[in-house]
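Summary of structural features
Take a look at the letters that make up each chain.
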Amino acid sequence: MFWLIIGSMLAIAILFVATPLFRAERRLSATIIAASVVIAAISAGLYTRIGTPNADVIAAASTPDVDEMVASLAARLEENPDDLSGWKMLGRSHLQLGNFLGAVKAYEEAVRLDSGQDGQTLADLGEAVLLADARALNGRAGGLFENALAISPNNPKALFYSGMAAVERGDNELGASRWEALLATSPPPNIAGILQQRIAELRGTAPQAVPGAESADSAAVVNVAVSLGERAAAAGLADATVFIIARDPAQPSPPIAAVRRRLSELPATVSIGDADAMIPGRVPSGFGQLELVARISLSGQPIAQPGDWFGQQIVDTAGNDTIEISIDQQVTQ
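Worth saying up front: this structure is predicted, and the values here are computed from it rather than measured. (Residues numbered from 1 in each chain as written. Predicted model: local features only at pLDDT ≥ 70, side-chain atom pairs only at ≥ 80, totals over all residues. Heavy atoms only, no water.)

**Quick notes on the sheet that holds strand β7 (residues 323-327)**
If you walk across this open sheet you meet the three strands as β4-β1-β7, and the pairing is mixed. In the strand order of this sheet, the two ends are held by β4 (268-273) and β7, each with one partner. Within the sheet, the average angular offset between the axes of one strand and its neighbour, ignoring direction, is 30 degrees. Two elements, strand β1 (residues 220-228) and β7, share five bridges in a ladder whose sense is parallel. Note that in β7 the partner of L228 across the bridge is I327. (Pairing = 2+ DSSP bridges. Helix = DSSP H or I, 4+ residues; strand = E, 2+ residues; numbered from the N terminus. Axes fitted to C-alpha atoms, helices over the stretch in contact; angles between N-to-C directions.)

**Here we look at the packing of helix α6 (residues 100-114) against helix α7 (residues 119-132)**
Closest axis-to-axis distance for the α6/α7 pair is 9 Å, and the angle between their directions is 155 degrees. Classified by the angle between their axes, α6 and α7 sit roughly antiparallel to one another. Along this stretch, α6 crosses α7, giving a crossing that reads as left-handed. Facing F100, L101, A103, V104, Y107, E108, A110, V111 and D114 of α6, the residues of α7 in contact are T121, L122, D124, L125, A128, V129, L131 and A132. In terms of residue class, the contact of α6 with α7 is made up of 13 nonpolar, one polar and three charged. (Parallel < 35°, antiparallel > 145°, perpendicular 65-115°, else oblique. Left-handed = near helix turned anticlockwise from the far one by under 90°. Contact = heavy atoms within 4.5 Å. Nonpolar A, V, L, I, M, F, W, Y, C, P; charged D, E, K, R; others polar.)

**Considering the packing of helix α5 (residues 84-96) against α6**
Remark: α5 packs on α6, axes separated minimally by 8 Å, with the N-to-C direction vectors making an angle of 160 degrees. As the angle between them shows, α5 and α6 are arranged roughly antiparallel. Seen along the crossing, α5 lies across α6 with a hand that is left-handed. Counting all contacts with α5, which are made through L84, W87, K88, L90, G91, R92, H94 and L95, the residues of α6 involved are F100, G102, A103, A106, Y107, E109, A110, L113 and D114. Residue composition of the contact of α5 with α6, grouped by class: ten nonpolar, three polar and four charged.

**Looking at the confidence of the model for the chain**
Taken as a whole, the chain shows an average pLDDT of 79; of its residues, 75% reach a score of 70 or greater. Confidence over residues 1-6 falls short of pLDDT 50; this stretch has two contacts with residues more than four positions distant or in other chains. Predicted confidence is poor over residues 207-218, with pLDDT under 50, and the contacts of this stretch with residues over four places away or in other chains come to six contacts. (pLDDT = per-residue confidence, 0-100.)

**Remarks on the side chain of R295**
Relative to the elements of secondary structure, R295 occurs in strand β5 (residues 289-297). Classification of R295 as buried rests on a relative accessible area of 4%. Among the polar contacts made by the side chain of R295, one reaches the side chain of D308 at a distance of 2.6 Å. Filtering out sequence-adjacent residues up to four positions away, R295 remains in contact with T241, V242, F243, Q301, P302, I303, A304, Q305, D308, W309 and F310. (Buried < 20%, exposed > 50% of the residue type's maximum accessible area, 1.4 Å probe, protein only. Polar contact = N/O pair within 3.5 Å; in protein donor to acceptor, adjacent residues only side chain to side chain.)

**Comments concerning the pairing of strand β2 (residues 241-247)**
Counting buried positions over the seven residues of β2 gives six, a clear majority of the element. Note: β2 against strand β3 (residues 257-262), six bridges, orientation antiparallel. Opposite T241, over in β3, you have R262 as the bridge partner. In terms of strand pairing, β2 meets β5 through seven bridges, oriented antiparallel. Residue pairing in the sheet places V242 in a bridge with I296 of β5.

Right, dumping it as structure tokens:
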């Protein structure tokens with residue numbers, strides 16, 4: 001989880017720098033990739049210096065040289081070439097050291113051992129290929145990201161880079177869709193805000209100002225009374241995240257709005273308003289009908305997984321009645 005958060009922060013930093021450069025050059029040039037790598041290196045360096053308490057004390061301790069550790073790992077893999085986790089670790093280590101060709105070779109071995117069936121490994125290889133050759137975004141790297149999405153449709157890294165590839169090809173619709181799917185994985189609010197801004201730019205929309213915006217944002221479009229059905233109640237579920245989602249019945253993905261609660265809080269009445277919208281300009285009040293889904297996520301992830309429990313209902317937003325949803329169905333596949 002730690003490295004996932006750090007990786008997300010670096011990706012967004014890259015997005016901040018790469019987008020203006022991309023607008024100027026209209027392609028993902030070596031300048032953009034180089035700037036991105038520099039940002040990542042600086043960010044990682046800053047974390048090492050100021051993000052770790054007593055960094056100087058730690059550095060002064062008898063810690064093995066990083067290059068020596070990587071060399072030792074590489075030597076061990078020569079003796080044990082079927083160590084899948086070792087190749088992945090070597091790939092990550094080479095990336096952190098800026099040895100992108102070394103990372104490519106390591107991840108190629110990992111993909112071979114995975115038989116090309118692990119979406120995350122394919123995405124990691126794609127990133128290494130892209131950093132080694134900025135021209136590969138719509139070449140080999142782009143193909144790897146697409147293959148990763150075919151196996152793991154919600155892989156954040158593959159969604160991020162494949163969105164960049166789509167924008168470079170001039171396919172803003174696909175780029176926005178990929179980043180909307182990334183947004184649907186519920187990144188931290190500051191990251192979600194940046195993604196929303198980029199998506200709005202690609203779609204040519206902007207957050208719409210509404211007279212009396214403060215009261216409008218807080219106004220509920222629908223009120224949902226969420227409770228457990230008999231089957232779910234009898235399942236003896238441990239406390240978990242409950243997602244209450246509003247989506248377009250004609251285009252369920254990405255969601256229009258979402259609210260989180262805990263299973264221990266149910267039964268509860270939840271209000272969903274425009275302030276809960278996931279994408280600027282695409283708000284619940286703009287739809288005549290909404291499909292409401294209340295889902296207990298056993299994994300804590302926003303994407304439905306087998307074993308999750310849910311209830312759903314399509315409602316007209318013109319009505320003022322509180323909608324009752326009983327969670328009584330289970331996701332089977």
